[in-house]
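Below, each chain spelled out in residue letters.
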Protein chains: 2
Amino acid sequence: MAVQTVAGKSTSTSAENPQETPFGPAAALSCRECGTRYPLTPVFACLECFGPLEVAYDLPVGDPEGLRARIEAGPANIWRYAPLLPVPADVTQKQNLNPGWTKLVKADNLARELGVTGGLYVKDDSGNPTHSFKDRVVAIALEAARTFGLTTLSCSSTGNLAGAVGAAAARAGFRSCVFIPHDLEEGKVVMAAVYGGELVAIEGSYDDVNRFCSELIGDPIGEGWGFVNVNLRPYYGEGSKTLAYEIAEQLGWRLPDNLVIPIASGSQLTKIDKGLQELIKLGLVEDKPYKIFGAQAEGCSPVSAAFKAGHDVVRPVKRDTIAKSLAIGNPADGPYVLDIARRTGGAVEDVNDEQVVDAIKLLARTEGIFAETAGGVTVGVLKKLIETGQLDPAAETVVFNTGDGLKTLDAVSPTTGPTATIRPTVAAFREAGLA
Amino acid sequence: MAVQTVAGKSTSTSAENPQETPFGPAAALSCRECGTRYPLTPVFACLECFGPLEVAYDLPVGDPEGLRARIEAGPANIWRYAPLLPVPADVTQKQNLNPGWTKLVKADNLARELGVTGGLYVKDDSGNPTHSFKDRVVAIALEAARTFGLTTLSCSSTGNLAGAVGAAAARAGFRSCVFIPHDLEEGKVVMAAVYGGELVAIEGSYDDVNRFCSELIGDPIGEGWGFVNVNLRPYYGEGSKTLAYEIAEQLGWRLPDNLVIPIASGSQLTKIDKGLQELIKLGLVEDKPYKIFGAQAEGCSPVSAAFKAGHDVVRPVKRDTIAKSLAIGNPADGPYVLDIARRTGGAVEDVNDEQVVDAIKLLARTEGIFAETAGGVTVGVLKKLIETGQLDPAAETVVFNTGDGLKTLDAVSPTTGPTATIRPTVAAFREAGLA
């Protein structure tokens with residue numbers, strides 16, 4: 001397992017001295033398809049089979065109680081899980097937005113409305129620094145970029161990621177240059193631009209933006225650039241594992257029965273599964289079955305369509321939904337999502353835009369949580385899964401809100417406003433029928 | 001000190017058994033002007049002198065180490081300070097949004113730009129559930145309303161409070177009916193309405209809305225209503241003390257030299273001072289001098305004007321600023337703010353709208369924090385205080401961001417957007433001069 005890390009940066013091995021390597025317990029990159037291993041460098045595709053690379057670890061097995069204690073003594077952010085992430089042990093000393101450790105809200109009111117009797121929780125990632133789960137993945141990618149000596153942080157984005165990259169780069173002292181489709185929500189555009197980096201709008205869809213970034217990375221222009229979701233993708237993806245860790249710890253170190261997770265590229269869902277598996281392997285939680293459910297918007301539901309048709313491949317689709325943060329027509333991790341949903345006994349389901357809006361309002365009205373459209377998709381899908389008998393309401397369920405309603409105001413603003421506008425008198429209040 | 005709490009609710013006294021009273025260590029309401037004491041009921045003005053009432057405590061003095069340990073073992077929200085707040089000991093069991101324990105960000109980049117050498121921190125309250133400090137004050141007011149058996153939660157609001165009340169009421173199962181000026185930012189209006197309570201827009205300014213609420217509370221319509229910032233104001237205000245507690249604890253149980261705090265009604269600033277004084281009295285921190293600086297927007301700066309003129313009274317003004325969340329022309333706690341600024345050796349300063357926008361962008365560019373206009377006011381004022389020699393840059397300073405940039409997009413959107421819009425090709429990227 002003596003794998004060299006970055007050429008010229010370190011020759012110590014993670015197995016010998018994990019505290020001193022720049023990637024902590026990470027041992028190598030490994031191809032998800034053929035298992036070929038590579039050093040920890042900014043590469044993302046297997047030279048043998050073009051499969052996606054992911055981080056492989058020498059995890060600290062054998063002392064679950066010591067590890068739990070170490071985690072619990074850590075900071076109230078994702079770095080409490082540094083022993084399980086591809087980051088150096090001194091990561092808490094770096095300038096970083098320190099995302100994570102967001103609330104796991106016991107959602108008794110929502111549970112009542114949906115008929116869930118086994119316990120319902122909302123993992124609310126709107127509490128992150130830029131109010132989406134993207135802060136988690138960017139934080140890990142940024143530390144990798146720092147280790148690799150990259151100086152520009154970049155990404156293709158449906159909006160949330162652009163803000164997360166802009167903010168993280170600003171704080172960490174990186175230049176940033178991010179790429180978005182030209183038709184995003186105003187809140188996301190302003191949030192992507194306000195941190196002072198370069199923001200480039202692309203005339204095309206998110207899939208066009210992605211293709212452009214892949215082209216740019218092969219061009220001399222892209223030298224010294226870390227595209228968090230392209231050449232830093234193996235590191236980036238690991239950030240989503242922290243959602244699994246936090247849920248387990250916040251439940252008192254145990255696993256829920258069901259998890260309802262949104263699908264854009266599918267990366268988040270697959271990494272949450274990876275995180276849950278690690279928790280079991282490390283003995284941090286009891287080994288028990290759990291079911292993973294994927295949630296898509298009907299207007300961009302290639303994975304749901306494949307799941308329902310019983311296919312193993314995901315056919316790309318055009319996107320047409322208000323849930324723009326999930327609108328990836330050709331989701332890279334789609335086949336892995338199908339595997340996980342089937343292996344765990346879960347499902348992939350979708351809801352239409354009207355159901356998304358209704359679900360946003362349902363969550364707000366019952367729990368005081370104003371979710372992004374992506375949160376409307378997961379809550380809407382949870383409702384549909386129960387109604388169609390696909391999810392057992394007597395089991396314990398965690399549903400994810402990965403973003404913030406303030407970024408997708410357009411989805412609810414046509415149907416959300418003052419009950420009345422009146423003159424400032426009690427008589428006017430009475431006349432308006434509000435008394 | 002045997003003060004009856006709510007008539008018919010409890011006759012135990014806080015001094016005898018603080019754990020079992022509905023208001024914990026709170027002993028009475030006390031007039032800030034003449035000191036007359038009243039039972040803990042939903043009243044807000046002294047019958048003797050019309051002075052404002054505030055909560056008086058029998059605080060747990062004498063065992064600072066035990067108290068510190070108890071706090072540190074508490075939850076990661078304001079309820080860790082329940083021993084110092086007017087709430088029951090079982091408050092963590094209630095349905096509440098559990099705000100607080102937001103990040104205290106070490107702002108080294110901003111410090112460099114401003115020439116601060118003594119250490120600079122941003123207390124970033126945009127991490128609260130509805131992304132402003134108002135969640136803190138509403139949480140306390142809501143628990144008081146629960147104890148008093150009130151069933152409708154209400155407020156007058158410049159926007160942030162409306163969202164905080166709507167969300168908290170939804171989660172806690174209260175009816176809500178909130179009142180806002182008719183010309184608020186879209187984000188704040190939608191956020192106030194999305195939780196499903198009643199939202200009434202008033203044709204007039206915030207001061208008109210306030211007058212209307214005072215009228216409504218005296219009307220039979222208002223029976224059973226808890227206006228968080230009117231009849232529940234004494235409880236509500238106490239929520240701001242938690243900002244002082246958190247800063248001291250996050251600094252390792254010590255006080256900073258300077259605090260730069262926004263002024264709307266002035267309540268927040270006075271309660272932060274109250275919290276700091278309590279920390280000293282309880283022996284939780286070493287007694288040392290600190291300076292409190294108040295920050296206003298030039299377009300609504302009655303307290304700053306009074307401070308500069310050496311007056312003790314605050315003359316009401318008309319409001320004309322983009323910092324709408326601070327735009328209170330007749331600030332109730334203005335005179336107390338003047339007292340505190342003068343007593344501690346601080347100051348009250350103001351900046352114009354252009355400086356507010358510049359400061360929002362400065363904070364975003366340096367620390368990756370996207371502040372509301374109120375945060376632009378405090379950072380802008382900090383800059384001005386340093387430039388004018390009023391604040392010592394060699395001293396340790398905490399500057400407050402009390403809200404979220406996503407709620408005041410209009411302030412920055414005219415000058416914040418994509419660097420370029422291009423076709424998805426490397427050639428177009430090069431042509432745009434971005435390479």
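Everything quoted here is computed from the prediction, not taken from an experiment.

Conventions used here
- Residues numbered from 1 in each chain as written.
- Chains lettered and ligands numbered in written order.
- Predicted model: local features only at pLDDT ≥ 70, side-chain atom pairs only at ≥ 80, totals over all residues.
- Heavy atoms only, no water.
- Domains from an automatic or database assignment.
- Contact = heavy atoms within 4.5 Å.
- Buried area = accessible area lost by both parts, 1.4 Å probe.
- Salt bridge = Lys/Arg side-chain N within 4 Å of Asp/Glu carboxyl O.
- Polar contact = N/O pair within 3.5 Å; in protein donor to acceptor, adjacent residues only side chain to side chain.
- Nonpolar A, V, L, I, M, F, W, Y, C, P; charged D, E, K, R; others polar.
- Helix = DSSP H or I, 4+ residues; strand = E, 2+ residues; numbered from the N terminus.
- Buried < 20%, exposed > 50% of the residue type's maximum accessible area, 1.4 Å probe, protein only.
- Least-squares fit on C-alpha atoms with pLDDT ≥ 70 in both.
- Phe/Tyr/Trp six-rings, centres within 6.5 Å; stacked < 30°, edge-to-face > 60°.
- Lys NZ or Arg CZ within 6 Å of the ring centre and 35° of its normal.
- Expected span 1.5 Å × (residues − 1).
- Axes fitted to C-alpha atoms, helices over the stretch in contact; angles between N-to-C directions.
- Parallel < 35°, antiparallel > 145°, perpendicular 65-115°, else oblique.

Thoughts on the domain arrangement of chain A
A common way to express how large an interface is: the accessible area buried when the components associate. All names here are of chain A. Taken as a whole, chain A is organised into domain 1 (1-58), domain 2 (104-131 + 240-415) and domain 3 (134-236). Each of domain 2 and domain 3 has a C-alpha centre, and the two are 24 Å apart. Listed as interface residues are 23 residues of domain 2 and, on the opposing side, 18 residues of domain 3. Summed over both sides, the interface of domain 2 with domain 3 buries roughly 1,800 Å², with 45% coming from carbon and sulfur. Area buried by domain 2 at its contact with domain 3 is led by Thr-130, Lys-324 and Lys-407, which between them contribute 35% of it. Connecting domain 2 to domain 3 are 4 salt bridges. Between domain 2 and domain 3 we count 9 residue pairs in polar contact (both at pLDDT 80 or more) in total. Within the side of domain 2 that touches domain 3, the residues separate by chemical class into 5 nonpolar, 11 polar and 7 charged.

Side note on the pattern of salt bridges
Following the criterion strictly, the structure yields 56 salt bridges over all chains and no others. With a shortest N-O distance of 3.0 Å, Glu278(A) and Lys241(A) are connected by a salt bridge. Of this pair, Glu278(A) sits in helix α9 (residues 267-281) while Lys241(A) sits in helix α8 (residues 241-250), and the two are 37 residues apart along the sequence. Lys241(A) sits in the buried class, given a relative accessible area of 0%. In this structure, Lys308(B) engages Asp350(B) in a salt bridge whose closest nitrogen and oxygen atoms are separated by 2.9 Å. Note that Lys308(B) is positioned in helix α10 (residues 302-309) and Asp350(B) in strand β12 (residues 347-351), a separation of 42 residues in sequence. Overall, Lys308(B) belongs to the partly exposed group, its relative accessible area being 48%. Because the salt bridges share partners, they merge into one network encompassing Glu54(A), Glu238(A), Lys241(A), Lys271(A), Lys274(A) and Glu278(A).

Describing the relation of the copies chain B and chain A
Its rotation angle being 180°, the transformation that places chain B on chain A also includes 0.0 Å of axial translation and leaves an RMSD of 0.0 Å. This pairing of chains is accounted for by a two-fold axis. Considering only C-alpha atoms, the part of chain B nearest the rotation axis is Gly127(B), at 2.8 Å. The residues that chain B uses at the interface reappear at the interface of chain A in 100% of cases, marking a shared surface.

Some thoughts on the interface of chain B and chain A
Listed as interface residues are 68 residues of chain B and, on the opposing side, 70 residues of chain A. Together, the buried faces of chain B and chain A total about 5,800 Å²; carbon and sulfur atoms form 64% of this surface. Our count for the contact surface shared by chain B and chain A stands at 4 salt bridges. With its nearest N and O atoms 3.0 Å apart, the salt bridge here joins Arg430(A) to Asp219(B).

Description of the packing of aromatic side chains
Centre distance and the angle of the planes are the two values used to describe a pair of aromatic rings. The tally for this structure, following the rule as stated, stands at 22 aromatic pairs over all chains. Summarising the aromatic geometry, the rings of Phe148(A) and Tyr235(A) are spaced 5.5 Å apart at their centres and angled 70° between planes, so their arrangement reads as edge-to-face. Placement of Phe148(A) in helix α3 (residues 134-148) and of Tyr235(A) in helix α7 (residues 233-238) is noted, with a sequence separation of 87 residues between them. Here Phe148(A) and Tyr235(A) have matching classes, each one buried. Taken together, a centroid distance of 5.6 Å and an interplanar angle of 25° make the contact between Trp225(B) and Phe227(B) stacked. Note on accessibility: Trp225(B) and Phe227(B) belong to one class, buried. Counting every residue linked through ring pairs, the aromatic cluster contains Phe179(A), Phe212(A), Trp225(A), Phe227(A) and Phe429(B). Over the aromatic face of Trp101(A) sits the side chain of Arg80(A), whose NZ or CZ is 3.9 Å from the ring centroid. For Arg32(B), the ring lying beneath its charged end belongs to Tyr336(B), and the centroid distance is 3.9 Å.

Observations regarding helix α4 (residues 160-172) of chain A
Residues and elements named next belong to chain A. Helix length check: α4 (13 residues) gives 18 Å between terminal C-alpha atoms against 18 Å at 1.5 Å per residue, within 8%. Summarising burial for α4: 13 of the 13 residues are buried, a large majority. Taken from the residues just after α4, Gly-173 is the one with a positive phi, measuring 80°.

Comments concerning the environment of Lys123(A)
Structurally, Lys123(A) is set in strand β5 (residues 120-124). Taking the C-alpha atoms as reference points, Lys123(A) and Val105(A), separated by 18 residues in sequence, lie 6.3 Å from one another.

Topic: the packing of helix α12 (residues 353-367) of chain A against helix α13 (residues 373-387) of chain A
Residues and elements named next belong to chain A. Taken N-terminus to C-terminus, the directions of α12 and α13 make an angle of 90°; their axes are 7 Å apart at the nearest point. Taken together, the axes of α12 and α13 are roughly perpendicular relative to one another. Contact residues: α12 offers Val-356, Ala-359, Ile-360, Leu-362 and Leu-363, while α13 offers Thr-373, Gly-376, Val-377, Val-379, Gly-380 and Lys-383. The class makeup of the residues in the contact of α12 with α13 is 7 nonpolar, 3 polar and 1 charged.

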